[in-house]
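So you can see what is in the structure, the chains are spelled out below.
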Amino acid sequence: MILMNVNVKFVGALRHIAGKPKMVIPYMTCFSVKDLIQKIVIDIPEIKASIIDQQADGTIKTNALILVNDREISVLNGLDTLLASGDEVVFIPVVHGG
């Protein structure tokens, strides 16, 4: 199998929580944004609540704006968007106010 990489970038407060602005996630099989988030949460557990919120029914809601190659995942295939080697995934915190 061929080892592939996805480049991950954290913006704003997520950079502080992650303790780094970027990371590279290696993988050997096709995987989705949801799979990527699971890998990130294993490496950086404290970032989980800032990126996702698992609902009581098991569905996952995003707490951050997620871009794949400069396109928001809602215009792609959401959390099921498949990633390819060399893709850049950017996590941008969503600021709520009121």
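Here the structure is a predicted model, which means the values were calculated and not measured. (Residues numbered from 1 in each chain as written. Predicted model: local features only at pLDDT ≥ 70, side-chain atom pairs only at ≥ 80, totals over all residues. Heavy atoms only, no water.)

Undergrad: Where do I start with the confidence of the model for the chain in this structure?
TA: For residues with low pLDDT, the predicted coordinates do not support detailed interpretation. Put simply, the chain has an average pLDDT of 90, and 95% of its residues get 70 or more. The weakest mean pLDDT in the chain belongs to strand β4 (residues 52-54) at 83; the strongest belongs to strand β7 (residues 71-72) at 98. (pLDDT = per-residue confidence, 0-100. Helix = DSSP H or I, 4+ residues; strand = E, 2+ residues; numbered from the N terminus.)

Undergrad: Would you take a moment to explain the packing of aromatic side chains for this structure?
TA: The description of an aromatic ring pair uses the distance of the two centres, along with the angle that the planes make with each other. In this structure the tally under the stated criterion is two aromatic pairs. Ring geometry for Tyr-27 versus Phe-31: centroids 4.1 Å apart, planes at 65°, classification edge-to-face. Of the two residues, Tyr-27 and Phe-31, both sit in the buried class. Above the face of the Phe-31 ring, Lys-39 is positioned so that its terminal group lies 5.5 Å from the ring centre. (Phe/Tyr/Trp six-rings, centres within 6.5 Å; stacked < 30°, edge-to-face > 60°. Buried < 20%, exposed > 50% of the residue type's maximum accessible area, 1.4 Å probe, protein only. Lys NZ or Arg CZ within 6 Å of the ring centre and 35° of its normal.)

Undergrad: When you look at the environment of Val-6 in this model, what are you seeing that I'm missing?
TA: Along the chain, Val-6 falls in strand β1 (residues 4-10). Val-6 sits in the buried class, given a relative accessible area of 0%. Once you skip the residues sitting within four places of it in the chain, Val-6 turns out to touch Met-23, Val-24, Ile-25, Tyr-27, Phe-31, Leu-36, Leu-83, Ala-84, Asp-87 and Val-89. (Contact = heavy atoms within 4.5 Å.)

Undergrad: What should I look at first to understand the side chain of Ser-32 in this one?
TA: If you trace the backbone, Ser-32 turns up in strand β3 (residues 31-32). Since its relative accessible area comes to 8%, Ser-32 is described here as buried. Ignoring anything within four residues of it in the chain, the contact list for Ser-32 reads Leu-79, Asp-80, Thr-81, Leu-82 and Leu-83.

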